[in-house]
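Residues per chain, in single letters:
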Amino acid sequence: MAKLSKILFLMIVIGLVLMFYVMKKLELTKHLLHKPKEDDKSHLTKSDKDFIALITHDLKNPTLSQMRSINYLLSEKLGPLSASQKEMLEITESSCRYMNDLISLIIESYKYDDGQQNLKLKDFNINDLLAELHRENMSILTTNSQRLVITSSLDTENIYGDRLQIKRGLMNLLTNAIKYSPEGSVIKIQLFSSNKLLTINVINETTYPVPRNLNKLFEKYETVSDYDSIYRGSGLGLYLTKQIVSAHNGKIYAKQLSSKKCLFGFQIPMEKQCLVNS
């Protein structure tokens, strides 16, 4: 048991060190990108390449390895765990998962910036995709006593696009809505079509006043914390969603519906012919 406790302690320390490392590198990159504009293009290109190489090689694999190790310990194949040990491991695993998601988010955003992301276009059912998102977020919605209401007036459920990328973009919008909405609130997703264009809006209330220039949040490393210190974020989720929508020849937007209600949405072509010709 003493040996297992030492292993648990070591895993927690490594997890905290990795998280600190990721966040410091992210802060460094934000600083570089907000430097004065002189020689900005060449400087930015070099810092981008250096940063993406760093996180890919130095962070992705060790983070995944730690997650696997923690999950193996949680399986109790090395021996039974006490309630407090399980709780510590679950907290550490959650931190590692957050780091892994953040690393993946950064990698995806740089792929789009460098033109390396190739869309895998095909027909798929948009309502099935939204049902998946609902299921995958049910746990946190229940914890927050929130409700997700999806309404659709689409004539057809099938659209043409990269299912995985569109799901990733919608997940970013939905998780933001969940994060910034008060407990017990209702989050709405609206779907409708016009002129062979699909429109998806995510509407939510917020505990704090909605920032005036919401569309600025689609810029790289821009976060709500730049307007109000209450919020925290990487500043990449909405930027990546914008990249995904743009790759589908669509447009993304944000609107203030009231002082404490906002809308984030996008519009993309529904059919292959429209996507190719737009």
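Residues numbered from 1 in each chain as written. Predicted model: local features only at pLDDT ≥ 70, side-chain atom pairs only at ≥ 80, totals over all residues. Heavy atoms only, no water.

**Section: empty space enclosed by the protein**
- Under the defined criterion, the tally for this structure stands at two cavities of 30 Å³ or more.
- Taken as a whole, the second largest cavity encloses approximately 40 Å³ of empty space.
- Every residue lining the second largest cavity is listed: Ile166, Gly169, Leu170, Thr241, Ile244, Val245, His248, Phe266 and Ile268.
- Among the elements of the structure, α6 (163-180), α7 (237-247) and β7 (261-269) are those that each provide at least two residues to the lining of the second largest cavity. (1 Å grid on protein atoms, 1.4 Å probe; cavity = no way out; pocket = protein on both sides within 12 Å on 5 of 7 lines; lining within 4 Å. Points joined across faces, edges and corners; volume = space filled by probe spheres on them. Helix = DSSP H or I, 4+ residues; strand = E, 2+ residues; numbered from the N terminus.)

**A word on the nonpolar core**
- Residues Ile126, Leu170 and Phe264 are the most contacted members of the largest nonpolar core, which totals 34 residues.
- Of all elements in the fold, only α4 (126-136), α6, β4 (186-194), β5 (197-205), α7, β6 (251-258) and β7 reach the threshold of two or more residues within this core.
- The element that contributes the greatest number of residues to this core is α6, accounting for six residues.
- If you look at the next biggest cluster of nonpolar residues, it comprises eight residues, including Leu105, Ile106, Tyr112 and Tyr239. (Core = buried A, V, L, I, M, F, W, Y, C linked by side-chain atoms within 4.5 Å. Buried < 20%, exposed > 50% of the residue type's maximum accessible area, 1.4 Å probe, protein only.)

**Thoughts on the environment of Leu174**
- With respect to the helices, strands and loops of the structure, Leu174 is situated in helix α6.
- The class of Leu174 is buried, set by a relative accessible area of 0%.
- Residues Leu174 and Asn137 lie 37 residues apart in sequence; the distance between their C-alpha atoms is 8.8 Å.
- The residues contacting Leu174, other than those within four sequence positions of it, are Leu133, Asn137, Leu148, Ile187 and Ile189. (Contact = heavy atoms within 4.5 Å.)

**Structural notes on the packing of aromatic side chains**
- By the definition in use, this model includes zero aromatic pairs.
- When the ring centre of Tyr253 is taken as reference, the NZ or CZ atom of Lys255 above it lies at 5.4 Å. (Phe/Tyr/Trp six-rings, centres within 6.5 Å; stacked < 30°, edge-to-face > 60°. Lys NZ or Arg CZ within 6 Å of the ring centre and 35° of its normal.)

**Description of the side chain of Asp162**
- Topologically, Asp162 is positioned in the loop between β3 (158-161) and α6.
- Buried charge without a salt bridge: Asp162, with Lys120 as the nearest opposite-charge side chain at an N-O distance of 5.7 Å.
- Within the structure, the side chain of Asp162 is placed 2.7 Å from the backbone nitrogen of Lys120, a separation counted as a polar contact.
- Here Leu164 takes part through its backbone nitrogen, which lies 3.2 Å from a polar atom of the side chain of Asp162.
- Apart from residues no more than four positions distant in its own chain, Asp162 is found in contact with Asn118, Leu119, Lys120, Leu121, Phe124 and His248. (Lys, Arg positive; Asp, Glu negative; His and termini not counted. Salt bridge = Lys/Arg side-chain N within 4 Å of Asp/Glu carboxyl O. Polar contact = N/O pair within 3.5 Å; in protein donor to acceptor, adjacent residues only side chain to side chain.)

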